Protein chains: 2
Amino acid sequence: MATALLHHAACTTLAASASASPSPSTSPSSSLHLRSLVLRPLSHALRCALPKRASMRSGSRVVAMAGELARAEPVSTPEVESFLDSLKWDKNGLVAAIAQNVDTGAILMQGFANRDAISATIASRRATFFSRSRSQLWTKGETSNNFIHVQDISVDCDRDSIIYLGQPDGPTCHTGAETCYYTSVPQSEPKLLASTLYALEDLIAKRKTEEIAPGAKPSWTRRLLQDPKLLCSKIREEASELCQTLEASEGRERTVSEMADVLYHSMVLLSVQDVKMEEVMATLRKRFGQSGIEEKSKRPSKPTAE
Amino acid sequence: MATALLHHAACTTLAASASASPSPSTSPSSSLHLRSLVLRPLSHALRCALPKRASMRSGSRVVAMAGELARAEPVSTPEVESFLDSLKWDKNGLVAAIAQNVDTGAILMQGFANRDAISATIASRRATFFSRSRSQLWTKGETSNNFIHVQDISVDCDRDSIIYLGQPDGPTCHTGAETCYYTSVPQSEPKLLASTLYALEDLIAKRKTEEIAPGAKPSWTRRLLQDPKLLCSKIREEASELCQTLEASEGRERTVSEMADVLYHSMVLLSVQDVKMEEVMATLRKRFGQSGIEEKSKRPSKPTAE
């Protein structure tokens, strides 16, 4: 069978884009309420979060939003206010706000947020900050249309720093780079800072185009990239060796090593087909954001091994 | 063959733990110099970065370091000073500093850094911040011993925010949590904010221990967790279907879906054996941080498919 049937796979974090409701068995808390607001679909979130008459705080402005929500305003409900009251604001009324890509873990940008920026983010689900230089709210994407769709918000132990975990529409940096964090080396390619999986992906991509001196032996990665038969034979072999670690109780160390092999070789195949790991992650997120029944019903029926 | 031979796999980012030297062919820049300092092994970094007589700036203090470096001091060399001069300090002489796990991409903590904090980090390779409440430098781990070993530093486009990308020795948060960012819900489990891959890992782990009501059908994940034969049959099948996407030119969409299947099923196998994806990532990082020759020479020799 081509695709896994992932039953009952509801996950509070991954369910962000689905119509997750807060569990009635958990005790209410300001952060729980925030999560439930954030996790609900926009229309539902607005219905629950927006006060009957949205209060405009001094200093706030109407945030221009393209698309599904033309005018996002900071919301003022008891739950949101209680959450905002629990944060430790600096003397300028700000906390640090970091936007992170939900699929890759990449840090997209870091700014600051005041009360209105956070409540506007809750209402619009679009990462919104307070510009210290312009003394006003700004939603990332309001000029570029590259919004960051926030799926979850988390607060640190000191309650003076938050993460907007979300999916960016496109490059976050005004320079066109995927993230604002790159080591700029003049006369060389800017290098995005990447965690291991995405640094490996970049490395494999580089191997596709590197020039090989006449007579020089190509790298193993290059050989795999150029030889589909060899690559597929390796993927099947490594997958089987991963299974053997369980079947023959070969131990944890061997399992780690074989999984690294499976990942590496599979990623070479993705590279051959110009597929990004980010797309794979987005697919996993969407699958696990649905219940197993929804998941199953959306797949073409065919004989399964179940 | 059990493990891949990854030839010529030197990667500037991944080479952090190896003895990478700056490429002589790239043009010098402040950030390049910083990278070369950071990327060298500690003894080399110190030899190059530390001035003949380490200057003690006003406000700096000797940072107590356990282990390989008892006393890390802020360094003052032309390269480091030039890099520090290029940053956009706020009126308190600070930039935001985010510590990120190199293997998982998790945001571990966020603090602030002044000139001395960054230069102490360069010298010690341990994430060092400036405490605004105590008005002094502090190295994460100086009391808990859970240091964050910094492998790369990146600056954002505004040059007022930096990332310390590194490997933590253990939990970063003083509460014992892996990161300082968790949604604290009273009388419920704190939930770490995780990007897709690690949220999926958490979900699979939950399936291992969830109670199943009498007569209820277990989830697909639970079935895989309890049936090694089924699990291994699925992994081999999905690996083969991933290969078919290339062999039969089935297209990008199919490739994304099949890779998601391979990842999910392989991660269930990891969970059965209590192996974390973070360990797999650390292994990949170490492999690609060595040249292919070093990599090969460290492996047990056996017949290969090459």
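Just so you know, these numbers come straight off a predicted model, no measurement behind them. (Residues numbered from 1 in each chain as written. Chains lettered and ligands numbered in written order. Predicted model: local features only at pLDDT ≥ 70, side-chain atom pairs only at ≥ 80, totals over all residues. Heavy atoms only, no water.)

Some remarks on the overall build of chain A
Alright, step 1. Across its full length, chain A holds ten helices and ten strands.
Alright, step 2. Residues counted as buried form 58% of the 306 residues belonging to chain A.
Alright, step 3. Excluding contacts between residues fewer than 6 apart, the proportion of contacts in chain A whose partners are at least 24 apart in sequence is 57%.
Alright, step 4. When the accessible area of chain A is evaluated, it comes to approximately 12600 Å², of which 51% is carbon and sulfur surface. (Helix = DSSP H or I, 4+ residues; strand = E, 2+ residues; numbered from the N terminus. Buried < 20%, exposed > 50% of the residue type's maximum accessible area, 1.4 Å probe, protein only. Contact = heavy atoms within 4.5 Å. Areas by Shrake-Rupley, 256 points an atom, 1.4 Å probe, with all protein chains shown as cover.)

Description of the pattern of salt bridges
Alright, step 1. Within the structure shown, the criterion is met by 26 salt bridges over all chains.
Alright, step 2. R285 of chain A is the partner of D103 of chain A in a salt bridge, and the nearest nitrogen-oxygen pair spans 2.6 Å. One end of the pair, D103 of chain A, is in the loop between β3 (95–101) and β4 (107–113); the other, R285 of chain A, is in helix α9 (residues 277–288), with 182 residues separating them in the sequence. In terms of burial, D103 of chain A and R285 of chain A fall into one category: buried.
Alright, step 3. R287 of chain A is the salt-bridge partner of D261 of chain B, the closest N and O atoms lying 2.6 Å from each other. A residue pair is termed interchain when its members come from two chains, as with D261 of chain B in helix α8 (residues 252–272) and R287 of chain A in helix α9. Here D261 of chain B matches R287 of chain A in class, with each residue buried.
Alright, step 4. Through salt bridges with shared partners, a single ionic network connects E81, D85 and R115 of chain A. (Salt bridge = Lys/Arg side-chain N within 4 Å of Asp/Glu carboxyl O.)

Focus: α9 of chain A
Alright, step 1. For α9 of chain A, spanning twelve residues, the distance from its first C-alpha to its last is 17 Å, which sits close to the expected 16 Å at 1.5 Å a residue.
Alright, step 2. All of the buried residues along α9 of chain A are M277, V280, M281, A282, L284, R285, R287 and F288 of chain A. (Expected span 1.5 Å × (residues − 1).)

So, the confidence of the model for chain A
Residues and elements named next belong to chain A.
Alright, step 1. For chain A, the mean per-residue pLDDT works out to 74, and 67% of the residues sit at or above 70.
Alright, step 2. Note that pLDDT drops below 50 for residues 1–71; the model gives that stretch 190 contacts with residues more than four away or on any other chain.
Alright, step 3. The low-confidence segment residues 290–306, where pLDDT is below 50, has 30 contacts with residues more than four positions distant or belonging to other chains. (pLDDT = per-residue confidence, 0-100.)

A closer look at the packing of aromatic side chains
Alright, step 1. Per the stated rule, a full pass over the model turns up six aromatic pairs over all chains.
Alright, step 2. On the basis of an interplanar angle of 70° and a centroid distance of 5.5 Å, the ring pair of F129 of chain A and Y164 of chain A is categorised as edge-to-face. Residue F129 of chain A is found in strand β5 (residues 128–131), and its partner Y164 of chain A is found in strand β8 (residues 161–168); the two are separated by 35 residues along the sequence.
Alright, step 3. Taking the centre distance of 5.5 Å and the plane angle of 50° together, the rings of Y264 of chain A and F288 of chain B count as tilted. Placement of the pair is Y264 of chain A in helix α8 (residues 252–272) and F288 of chain B in helix α9 (residues 277–288), with the two residues belonging to separate chains.
Alright, step 4. One aromatic cluster is present, built from ring pairs that chain together F129, W138 and Y164 of chain A.
Alright, step 5. Across the ring face of F147 of chain A, the terminal group of R126 of chain A is positioned such that the distance to the ring centre comes to 3.8 Å. (Phe/Tyr/Trp six-rings, centres within 6.5 Å; stacked < 30°, edge-to-face > 60°. Lys NZ or Arg CZ within 6 Å of the ring centre and 35° of its normal.)

Regarding the sheet that holds strand β7 (residues 148–155) of chain B
Residue and element names in this part refer to chain B.
Alright, step 1. With mixed pairing, the four strands of this open sheet are ordered in space as β4-β3-β8-β7. The sheet is open, and its two borders are formed by β4 (107–113) and β7, each paired with just one other strand. On average, each strand axis in the sheet is tilted by 25° relative to the strand beside it, whichever way the strands run. (Pairing = 2+ DSSP bridges. Axes fitted to C-alpha atoms, helices over the stretch in contact; angles between N-to-C directions.)

Remarks on the sheet that holds β4 of chain A
Residues and elements named next belong to chain A.
Alright, step 1. Here four strands make up an open sheet; going across it, the order is β4-β3-β8-β7 and the pairing mixed. If you trace the sheet from one side to the other, it starts and ends with β4 and β7 (148–155), each paired once. Across this sheet, the average inter-strand angle for adjacent strands is 25°, counted without regard to direction.
Alright, step 2. Relative to β8, β7 runs antiparallel, the two sharing seven bridges. Within β8, the position partnered with S154 by the bridge is I163.

With respect to the pairing of strand β6 (residues 136–139) of chain A
Residue and element names in this part refer to chain A.
Alright, step 1. As paired elements, β5 and β6 share four bridges and run antiparallel to each other. Residue pairing in the sheet places F130 in a bridge with L137 of β6.
Alright, step 2. A loop of four residues connects β5 with β6, the two strands running antiparallel in sequence, and S135 in this loop sits at a positive phi of about 50°.

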